[in-house]
Amino acid sequence: MTFRPKFITFDCHGTMILYDMAGAARHHYGAQLSPEAMDTFIADFSAYRLDEVLGAWKPYADVVHNALERTCKRNGVAFDPAVAEDIYNRVPTWGPHADVPAGLAKIAGNIPLVALTNAMNVQIPHNIAKLGAPIDHVLTAENAGAYKPQMQAFEYLFDQLGCGPKDILHVSSSFRYDLMTAHDLGITNKVWVNRGHEPANPYYGYTEIKSVGELPGLVGL
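Everything in this summary refers to the structure shown in the same document. Since the model is a prediction, treat every value here as computed from it, not as a measurement.

As for the pattern of salt bridges
Logical step 1: With the rule as written, the count across this model stands at eleven salt bridges.
Logical step 2: Salt-bridge contacts for Arg26 lead to Asp39; the nearest nitrogen and oxygen are separated by 3.0 Å. With Arg26 in helix α1 (residues 21-29) and Asp39 in helix α2 (residues 35-52), this pair connects stretches of sequence that are 13 residues apart.
Logical step 3: Overall, the relative accessible area of 40% leaves Arg26 in the partly exposed class.
Logical step 4: A relative accessible area of 44% places Asp39 in the partly exposed class.
Logical step 5: A salt bridge links Arg70 to Glu52; the shortest N-O distance between them is 2.8 Å. Of this pair, Arg70 sits in helix α3 (residues 60-75) while Glu52 sits in helix α2; the two residues are 18 residues apart in sequence, bridging distant segments of the chain.
Logical step 6: The exposure class of Arg70 is partly exposed, given its relative accessible area of 30%.
Logical step 7: A single network of salt bridges, built from pairs that share partners, joins Asp51, Glu52, Lys58 and Arg70.

Parameters at a glance
- Residues numbered from 1 in each chain as written.
- Predicted model: local features only at pLDDT ≥ 70, side-chain atom pairs only at ≥ 80, totals over all residues.
- Heavy atoms only, no water.
- Salt bridge = Lys/Arg side-chain N within 4 Å of Asp/Glu carboxyl O.
- Helix = DSSP H or I, 4+ residues; strand = E, 2+ residues; numbered from the N terminus.
- Buried < 20%, exposed > 50% of the residue type's maximum accessible area, 1.4 Å probe, protein only.

No statement about biological role is implied by the geometric values presented.
Given below as structure tokens:
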């Protein structure tokens, strides 16, 4: 890839931030589930969170609560709303993947960096502050009125930045939340950060990197 975009747009949680929902679930349920059952629980929790963001916008606390309640029901585990609240409250405490700060620092000041995040307005400043590099624009699902992977979230980004699909390079570790929708909207310049939580899917047309440290080289920095 040799492309100098007007903006580099990022998924935040999972791509830049170590989004440790699995660790939070293990903390609360690991003692009562076998390792195999715990893995199933974590996979279900992830799937239900995605399902919860596909409808009308609601606070992310509700997304976590509903997804956890549905996961517990499916796995025969007692649901405690206090656990859902604790997991939600952990989100703003999470910091970046180890490769992120240095990679972002090489780009900052050369190309505007944009976070397109499913986080709440009160959550995301705490995560952004831990990235170690300035983010020029932080755009949330709360302000967009829709969570990714819904197109409305990306359309909000275009409106706020005054740009179109061809003007950006979108970076994500997730096909299901980001890269599939980006493809459908005509974002041709995409980077998949392979964090190991989804399999490759070449149909969607992207450049694969193993760490954000490789990103500056893709834009000539």
